[in-house]
Amino acid sequence: MLDIQKIRADFPILSEKVNGKTLVYFDNGATSQKPQVVIDAISKYYQEINANIHRGVHTLSQLATDAYEISRGKIQNHINAKFSHEVLFTSGTTFGINLVANGFTSLLKEGDEVIVSALEHHSNIVPWQMLCERTRAVLKVIPMNEKGELIMEEYDKLLSDRTKIVTVNHISNALGTVNPIKEIISKAHAVGAAVLIDGAQAVPHLRPDVQALDCDFYVFSGHKMCGPTGIGILYGKEDWLNKLPPYQGGGDMIKEVTFEKTTYAGLPFKFEAGTPNIAGGIVLGTAIDYMNEVGFENIQAQELELLEYGTKRLIEIEGLNIVGTAENKTSVISFNIKGIHPYDIGTIVDKLGIAVRTGHHCAQPIMNHFNIPGTIRASFAFYNTKEEIDAMIEAIKKAVMMLS
Ligand SMILES: *Cc1c(COP(=O)(O)O)cnc(C)c1O
């Protein structure tokens, strides 16, 4: 079991005061907090080895390049990719999805189909709509049931030889649903379609094994898993990455440039134009080391306890309705209180030091499905406690009293 007080001491922000109250941070679905080792690693990079990578012969450039590539290897190992050149550094999930959606432009023709799900973040909807506009391919949507689970029989009906790519999230940011991605992937492969998994909301809770999943692409952001903002990963199978054209042109992604013709560098550099977020890439490795030290089994056990306890306490509140009650669910609780706008609750509990998210959570189609403007979302991380949940419940009760 985790020594929660010891873990909490790793995160300096957790002892900060907000509005004069001790911070209760339940907006982990938007971004996680950072442990001291991650904060220190950022300064250490700039203090000791800052230099541009892959270019210089000088010592610092070598040190920075080595640290960056060692981190790539760590991430390869973490997600069990076959080759390190299948692990591309990006600025985040959004960039990774856009890279793949853009790359599919030349592979699709009119009448081809792209399948997304009803549970997606806008990041995993809009780039595919733009792709469909460019190519006149058709966007299809796997519907969900009232619990917020994808309806797999409907997915079966959507699949055909017109399906070229299926793109779904591993875990829903708005409702916490864990999707049956293994089944989704194998069924897509059976009709010859590629699969992209948006893992942004999964990597804070579990260690994906991209070879066991057999997905073609897996994308995530560093900032939701204890790492810095502005860094993320696109995993792609070697064959697919060779098939896709470069996304951006510039330095570092070329082999030879003349005004007549440019040849591109091999993987992974073909997709990494320009000076990257070097510190971010290195420190993402530090964040992953930290999470592995805590241990994903411990993380899951703690979060499951918080999910169960939080659910039990919240439904004690009169008129409170939980949105998203999937059987297989992570530590995200979205809810509404009868007759009260989510924003009003969020504003009042913030004054009491409680950080929750309110709104549509970048997933408007989900809110439309349930016919609501938005929800209040409490998303727990392994460093949260039951005492913090108690504080949230008290704050919500106060807010309800003030508003009704
Ligand atoms: C956060 C999130 C994204 C977008 O990630 P960025 O870091 O903003 O690029 C996409 N999908 C899901 C499921 C998310 O939770």
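Note that this is a predicted model, so its numbers are computed, not measured.

**Looking at the site of the ligand**
- In the vicinity of the ligand, the contacting residues are T93, T94, H121, S123, N173, D198, A200, Q201, S221, H223 and K224.
- Within the side chain of D198, one N or O atom sits 2.5 Å away from a nitrogen atom of the ligand.
- Within the complex, the protein chains bury 86% of what would otherwise be the 380 Å² of accessible surface of the ligand.
- Of the residues that constitute the shell around the ligand, the class distribution is one nonpolar, eight polar and two charged.

**Quick notes on the pairing of strand β10 (residues 232-236)**
- With five of five residues buried, β10 is to be regarded as a mostly interior element.
- The side-chain alternation of β10 yields two buried faces, one formed by G232, L234 and G236 and the other by I233 and Y235.
- Note: strand β4 (residues 87-90) against β10, four bridges, orientation antiparallel. Residue pairing for β10: L88 is matched across the bridge by L234.
- When strand β9 (residues 217-221) meets β10, the two strands line up antiparallel, connected through five bridges. Across the sheet, F220 pairs through a bridge with I233, a residue of β10.

**A word on the UniProt feature "domain: Aminotransferase class V" (unreviewed entry) in the chain**
- If you check UniProt for "domain: Aminotransferase class V" (unreviewed entry), the listed places come out as residues 24-391 in our numbering.
- Structurally, residues 24-391 is divided into 39% helix and 18% strand, and its ends, taken at the C-alpha atoms, are 8 Å apart.

**Some words on a nonpolar patch on the surface**
- A grouping of I254, V257 and Y264 is seen on the molecular surface, where their side chains present a nonpolar patch of about 260 Å² in accessible area.
- Checked against the element boundaries, Y264 lands in strand β12 (residues 262-264).

**Some remarks on the domain arrangement of the chain**
- Parsing the chain into structural domains produces domain 1 (4-30 + 295-403) and domain 2 (39-292).
- In this structure, domain 1 and domain 2 have C-alpha centres spaced 28 Å apart.
- Between domain 1 and domain 2, the contact holds 35 residues from the first and 34 residues from the second.
- The contact between domain 1 and domain 2 buries some 2,700 Å² in all, and 58% of this surface belongs to carbon and sulfur atoms.

What counts and what doesn't
- Per chain, residues are indexed from 1 in the order of the written sequence.
- Local features in a predicted model are, by the rule used here, given only for residues with pLDDT of at least 70; side-chain atom pairs are given and counted only at 80 or more, and totals for whole chains, interfaces and linings are based on all residues.
- The basis for every side-chain value is the complete set of non-hydrogen atoms in the structure, without hydrogens or water.
- The cutoff for a nearby residue is simple: one of its non-hydrogen atoms must lie within 4 Å of the molecule or strand.
- Any pair of nitrogen or oxygen atoms within 3.5 Å is treated as a polar contact; in protein, a donor-acceptor pairing is required on top of that, and neighbouring residues in sequence qualify only through side-chain atoms on both sides.
- Exposure was quantified through the Shrake-Rupley algorithm and a 1.4 Å probe, taking into account, for residues, occlusion by the shown protein chains and nothing else.
- We call Asp, Glu, Lys and Arg charged. Ala, Val, Leu, Ile, Met, Phe, Trp, Tyr, Cys and Pro are nonpolar, and the rest, Gly among them, are polar.
- Partly exposed describes any residue whose relative accessible area lies between the buried limit of under 20% and the exposed limit of over 50%, with all areas from a 1.4 Å probe on protein chains only and scaled to the type maximum.
- Put simply, DSSP H or I for four residues or longer makes a helix, DSSP E for two residues or longer makes a strand, and each gets a number counted from the N terminus.
- One bridge is not enough; two strands pair if DSSP finds at least two bridges between them.
- UniProt positions are given in the numbering used here, feature names are shortened, and annotations may be inferred rather than shown by experiment.
- Patches here are clusters of residues that have more than 30% relative accessible area and form no salt bridge, with a 9 Å joining cutoff for like charges and a 5 Å cutoff for nonpolar side chains (Val, Leu, Ile, Met, Phe, Trp, Tyr).
- We define a salt bridge as a contact between a side-chain nitrogen of Lys or Arg and a carboxyl oxygen of Asp or Glu at a distance within 4 Å.
- Where a domain begins and ends is set by an automatic assignment or by a domain database.
- In what follows, a contact means two residues having at least one pair of non-hydrogen atoms within 4.5 Å.
- Buried surface area refers to the total accessible area, computed with a probe of radius 1.4 Å, that the two partners give up upon joining, counted for both partners together.

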